[in-house]
Amino acid sequence: MKLCSWMWLFRAVLLTAILIAGIVDDGFGRSDLLVVIAMVVSAVLFVWSRRVPAIDRPLTVLDSVLLIGLAVAGLTPPAALAIGIIILAQAAAFRPIYAAAAYVGVVSTIAVLYTTRDHTPHAGLSALALCLLGGILVVRAVRLNMAARSGDERDRLIAGSIDAMIWEELPEGGYRMSDSSERILGYPAKAWLDPEFLASVVHPDDLPAAEADPDPDNPLPTTFRVRDSSGRWRWVENHLTSIRDIHGRHRSFAGITVDRTREIEAEHDVRAFGRLVKGSPVGHMLLGCAGDGSMKVTAANDAATAIIGRTDRLVGRSLDELTNGDASVRELFGLLRSVASGAREKGQMEYHGGDGHVFQATVRSLTDDSCSIDFLDITERVESHRRLHEQARCDDLTGLPNRRALTEYLDAHIARDAAAPLALLSMDLTAFKEINEALGHETGDLLLRQISDRVRESCPAGDGYAVRKGGDEFAVVLTGQAVDRAEAVAASLVDGITRPVLIDGLRLRVGVSVGIARYPSDAESGAEVLRRADIALYRAKQRGLTVEVYEPDSDPLSRGRLALVADLESAIARDELTLHHQPVINVASGRMVGSEALCRWFHPTAGPVSPELFVELAESSGQIRDLTRWVLRRAIADLAASLEVDPNFRTSVNLSVRNLYEAELVPAILGMLAAAGVAPDRLILEITEGGLMDDQAAAIETLQALRDAGIGVWIDDFGTGHSSFARLRSLPIDGVKIDRSFVSGAAADPEGVLLASMIELVHALGLRVVAEGVETDEQFELLGRFGSDSAQGYLLGRPAPVEDLHTRLAGASTNGSRPATADPATLAAPRVPGR
Ligand code: C2E
Ligand code: MG
Ligand code: MG
């Protein structure tokens, strides 16, 4: 029971005593009526205050007014004083120590008053009894109040330490709230006394939860949002307990409200994150390691379940249960075990899902006993990589694999089985460039497409891989059974490619040369077999053949070719090369009219290297430009010296057809001539017939420019290529050097018909003739008869250093004619054929 209720009870008793004492003394008077009224009011208030604890203060005021009325109504001054003290005590009821003093004072005063007025023992006794009773009540009041205060203090401390508000529901609505409300929500405790306050600060959505009537026997905690004084929504958790009266009846609720904003917001974040992960298209799986080393799925989102796809439910399944024949699954679980064992912290692989999708699976170690797998769908990325990869390895025009694809194909074949043989057929079209330039690139493209179809068709199905290497170059790789039939396949390729092609009503025909090399007999690697096939192809073209097989035995230096290429570079740079001159003799007069400059390379270890070989090496390694420059510079210097002896002297220099594509060739030669003070018409440049026919258009422009500059241009080794006399007519040239095979062949042909008609036809074109390879008097004599302008050959002088040339030239100029000699071996003493 509350302190104030006891006070009302005590006062009713006290007033009763005053009344009885008054009646006994005076009979029932006016003041006694007031006392009765005060007693009734006190009794009513007593009952009421038990029901409504918060009524204390208004009751006190009301009661005080009554007592004042009582005093004014005519009590004796001491009684009025006593009543005043009651009022004081009433006011001090909330301070126990004042209350104690006031009540003791009041009771003593009343007792003294009655005793002194009546001097009756019963009045004194009753006063003392009242005094005693008052004392007991005051002590009890003090204790109750102290207990209440210490309870309040405890509540305050608890509420302060846990960020909680302790409250008690008030009978008239509203709450008695702990002061922590101010700290937590920013509202003073008294704000909660207003019964409407709770509804005004609870989030509208949470109002039903906040205002629900809990079951007093089992009040469940509720959680709702409350707006704090700064306007921010805070999550609070309300724990309730039922407050009961002495009969165990539920009277009201009290409870503790805890600020859970941080936890609940974090929980919400976690829940939202969980939903995000669950609905994510990226598959996520968590796996836990059991003590026995086995692993089980502890969590998996929908995407991971679909990707693994083995079962509806992954959670709780072990790796063994999920393992099946799928290679991707096995690889993934192997990776997982290695990460789980601590061998690595993270692993990544491409996981192939059953439906053609590809995922990047990342396995990570999370804690000592858990790992995660993420599956990122990379199907599109993989597909676009594949397309790019294919595009990079496919020739746009023909759809055939390109050179890069060829290199990878060869390497992959060898990597798969180093002993498995293959044959590479390298092909180069002839006369394609002419068609391309004459009829336009569109026609050229159509032609290449048709040719590529033919190459594809001639490829043995299954064992053949056709490639366009670029430009007019194709290749076919033969594997398996087809390797042994390489020559036959080459023949059918030649047959297919050289058949006429009909484009826009035109019958076009191209030629082709094929070089064949084999792995592993000819080469040790893919790159090497490519190079060897190209060497065979080059030889085929050089010899005017369609098919040439690479033969290492017939090319003793082939193994050292690469080393030789490197050595050639330094030979040019270090001036290890020398230049020899072979005399050119006027057939009619027998006089030396010029020389051909021929390059020599004496290799420090390999000895003399054939010019045919090192010129070919220089051409294939791109060093031909430097080599030719070196020869030109030296030959022009020698020529300048020769001209001092014979101002009509001319020297020829051999050009490779590749030199004709150097943009600055003509100005470079003219520069050298000018620097040496040599007139351009003293220099002759020789171009081999075979090479020239291949790349006519651009090369001819250069030839024309050379000729325009006054330099002589001659076709070398005429008769060995495919060019016709008709074609000679269109070339900007001054003369033709007939290949030595025609000169040597002339002996076997008594009439010399072929050589004679060649000389005649060349003359008919307005060109001059030099016959090469004259080794016998008979040949020289025939040449004189057939009207050849000049001749060259061992009979007339071997290639020799320039000093020998000058010695002979000086001798000739003093003699006025060529010195006679019986020894054809030296330039200094040539044999003069009898005429
Ligand atoms: P080529 O221009 O036809 O030169 C003539 C070749 O025939 C020379 O061979 C010469 O030594 C050889 N020869 C001359 N008279 C006779 C003979 O009576 N009987 C025989 N059997 N051979 C004779 P060499 O010097 O070995 O040169 C071979 C080829 O190498 C040359 O053929 C030429 O095409 C090329 N060559 C030489 N030097 C150079 C050069 O500086 N630049 C370029 N691009 N090619 C060169
Ligand atoms: Mg020559
Ligand atoms: Mg020649």
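Residues numbered from 1 in each chain as written. Chains lettered and ligands numbered in written order. Predicted model: local features only at pLDDT ≥ 70, side-chain atom pairs only at ≥ 80, totals over all residues. Heavy atoms only, no water.

When its secondary structure is counted, the chain shows 30 helices and 27 strands. Burial status across the chain gives 46% buried among its 835 residues. Taking as baseline every contact in the chain between residues at least 6 positions apart, the subset at least 24 positions apart corresponds to 57%. Total accessible area on the chain stands at roughly 41000 Å², and carbon and sulfur atoms take up 56% of it. (Helix = DSSP H or I, 4+ residues; strand = E, 2+ residues; numbered from the N terminus. Buried < 20%, exposed > 50% of the residue type's maximum accessible area, 1.4 Å probe, protein only. Contact = heavy atoms within 4.5 Å. Areas by Shrake-Rupley, 256 points an atom, 1.4 Å probe, with all protein chains shown as cover.)

Moving on: the coordination of the magnesium ion (ligand 2). Taken together, the protein donors to the magnesium ion (ligand 2) comprise Glu596 (OE), Asn654 (OD1), Glu686 (OE) and Asp716 (OD), at separations of 2.0 to 2.2 Å. A distance of 3.9 Å spans the gap from the magnesium ion (ligand 2) to the magnesium ion (ligand 3), which Asp716 bridges by coordinating each metal. Separated by 120 residues along the polypeptide, Glu596 in strand β19 (residues 592-603) and Asp716 in strand β23 (residues 712-718) bring together distant segments of the chain. We classify Asp716 as buried; its relative accessible area is 5%. (Donors = N, O, S within 2.8 Å, 3.2 Å for Na, K, Ca; no water.)

Attention shifts here to helix α18 (residues 486-498). The end-to-end C-alpha separation of α18 is 18 Å, in line with the 18 Å expected for 13 residues at 1.5 Å each. Inspection of α18 places Ala486, Val489, Ala490, Leu493, Val494, Gly496, Ile497 and Thr498 among the buried residues, and these make up the whole buried set. (Expected span 1.5 Å × (residues − 1).)

Another aspect to go through is the side chain of Ser328. Along the chain, Ser328 falls in helix α13 (residues 327-340). Within the structure, the side chain of Ser328 is placed 2.8 Å from the backbone nitrogen of His352, a separation counted as a polar contact. Setting aside residues no more than four positions away along its own chain, Ser328 makes contact with Met349, Glu350, Tyr351 and His352. (Polar contact = N/O pair within 3.5 Å; in protein donor to acceptor, adjacent residues only side chain to side chain.)

This part takes up the nonpolar core. If you look at the biggest cluster of nonpolar residues, it comprises 76 residues, and the most contacted ones within it are Leu660, Ile669, Leu683, Leu685, Leu706 and Val736. With 9 residues, the single largest contributor to this core is helix α22 (residues 624-645). For Leu706, the residues in contact, after removing those within four places along its chain, are Leu655, Leu660, Val666, Ile669, Leu685, Ile711 and Val713. Judged by nonpolar contacts, the second largest core, of 32 residues, contains Leu397, Phe432, Ile451 and Leu478. (Core = buried A, V, L, I, M, F, W, Y, C linked by side-chain atoms within 4.5 Å.)

Glancing now at the pairing of β23. The buried fraction of β23 is high, at 6 of 7 residues. Bridging between strand β22 (residues 683-688) and β23 involves 5 bridges; their strand directions are parallel. Following the sheet pairing, Ile684 is matched in β23 by Gly712. Here 3 bridges tie β23 to strand β24 (residues 735-738), and the two strands are oriented parallel to one another. Bridge pairing in β24 places Phe718 opposite Ile738. (Pairing = 2+ DSSP bridges.)

Time to look at the coordination of the magnesium ion (ligand 3). Protein coordination at the magnesium ion (ligand 3): the donors are Asp716 (OD), Asp717 (OD), Glu772 (OE) and Glu772 (OE), at 2.0 to 2.5 Å from the metal. Along the chain, the residues donating to the magnesium ion (ligand 3) are arranged with the sequence spacing D-D-x54-E.

Attention now moves to the site of ligand 1. In the region of ligand 1, 22 residues are neighbours, and Gln582, Asn654, Asp716, Glu775 and Tyr794 sit closest. Here a nitrogen atom of ligand 1 and a backbone polar atom of Cys599 are 3.2 Å apart. A distance of 3.1 Å is found between an oxygen atom of ligand 1 and a side-chain nitrogen or oxygen belonging to Glu772. For ligand 1, whose accessible area on its own is 790 Å², the fraction buried by protein is 86%. (Near = heavy atom within 4 Å.)

Next up on the list: the environment of Ile636. Structurally, the position occupied by Ile636 is in helix α22. Linking Ile636 and Arg650, residues 14 residues apart in sequence, is a C-alpha distance of 10.0 Å. Excluding residues that lie within four positions of it along the chain, Ile636 makes contacts with Ile669, Met672, Leu673, Ala676, Val678 and Leu683.

With an omega of 5 degrees, the peptide bond between Tyr519 and Pro520 qualifies as cis. Within the secondary structure, Pro520 is located in the loop between β16 (511-519) and α19 (526-542). One non-glycine residue, Asp504, lies in the positive phi region at around 50 degrees. Looking at the element boundaries, Asp504 is found in the loop between β14 (501-503) and β15 (506-508).

Taking strand neighbours across the sheet as the criterion, the 5 strands line up as β7-β6-β10-β9-β8 in an open arrangement whose pairing is antiparallel. Since the sheet does not close on itself, it has two edges, and those belong to β7 (295-300) and β8 (346-352), each with one partner. Each adjacent strand pair in this sheet contributes to an overall mean axis angle of 25 degrees, direction not counted. Of the strands in this sheet, β8, β9 (358-367) and β10 (370-377) are in contact with helix α14 (residues 379-392), which crosses β9 at around 130 degrees. (Axes fitted to C-alpha atoms, helices over the stretch in contact; angles between N-to-C directions.)

To continue, consider the confidence of the model for the chain. Summing up the model confidence of the chain, the mean pLDDT is 82 and the portion of residues at 70 or higher is 74%. In the predicted structure, residues 816-835 sits below a pLDDT of 50 and forms 51 contacts with residues beyond four places in sequence or in another chain. (pLDDT = per-residue confidence, 0-100.)

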